[in-house]
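Spelled out from the first residue to the last, the chains are:
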Amino acid sequence: MPTPTKGPRLGGGPAHERLILANLATQLFEHRSITTTEAKAKRLRPFAEQLITKAKRGDLANRRRVMQTIRDKSVVHFLFTEIAPAMAEREGGYTRIVKIGPRKGDNAPMAVIQLVLEPLSAKQATVREAEKATAASAPAAEETPEVAVEETDDTAATDAEAPAADAEAGSVAQPDTLPEDGEGKA
């Protein structure tokens, strides 16, 4: 569980707060979306995301750690078999908090916390493909300078012929190097 904040806790004591968060997480995984107060939603978010991260690892030790928090075996099974594979591509941000209007009875600010089960957007998928392509082309980039060196040797003869062709066309050829005494610098 993340480091508890200073000051008043949900429900009064630290043990009660742990029970509240465990019950909220159980309901979140069971229903995929719950309505609660903003304070409870903000406290639940990192707690639930850590449980999902443990479920993504999928080994027995992490299953037992999750079972210490969520006592319902069917919810834990659903978390490990349904939710964790759906979140496999995500590196974080498994939940979303949407603020809604205040509660009618006591005017408490309310929010809906829900699991983000949609696949990654096309933009994020494109960025990941580009990163993979650059990682794959890095070894190929090391090979390309050798090929480029061979090409520059072949083009050296054509570069010598190019000023002569420019002179025939009536244009003045520019020198390839700058003067060493600093002339021509802006």
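All of the points below concern the structure found in this document. (Residues numbered from 1 in each chain as written. Predicted model: local features only at pLDDT ≥ 70, side-chain atom pairs only at ≥ 80, totals over all residues. Heavy atoms only, no water.)

## Brief notes about helix 4 (residues 73-86)
Item 1. Counted at 1.5 Å a residue, the expected span for helix 4 with its 14 residues is 20 Å, and the 19 Å between its end C-alpha atoms agrees.
Item 2. Of all the bends in helix 4, the largest measures some 35° and sits at L79.
Item 3. All of the buried residues in helix 4 are V75, V76, L79, F80, I83 and A84.
Item 4. Lining the buried residues of helix 4 we find helix 1 (14-31), helix 2 (38-57), helix 3 (60-69) and strand 3 (110-115). (Helix = DSSP H or I, 4+ residues; strand = E, 2+ residues; numbered from the N terminus. Expected span 1.5 Å × (residues − 1). Bend = angle between axes of the 7 residues up to and from the residue. Buried < 20%, exposed > 50% of the residue type's maximum accessible area, 1.4 Å probe, protein only. Contact = heavy atoms within 4.5 Å.)

## Let's talk about the side chain of E49
Item 1. Here E49 lies in helix 2.
Item 2. Its relative accessible area of 18% is what places E49 among the buried residues.
Item 3. Discounting residues that sit within four places of it in the chain, E49 has contacts with G93, Y94 and T95.

## Observations concerning the pairing of strand 3
Item 1. For strand 3, a buried count of 5 out of 6 residues is recorded, marking the element as mostly surrounded by other parts of the structure.
Item 2. Where strand 1 (residues 33-37) and strand 3 come together, 5 bridges link them in antiparallel fashion. Counterpart to I34 in the pairing with strand 3 is I113.
Item 3. Where strand 2 (residues 95-100) meets strand 3, 6 bridges bridge the pair, whose relative direction is antiparallel. Bridge pairing links R96 to Q114 in strand 3. (Pairing = 2+ DSSP bridges.)

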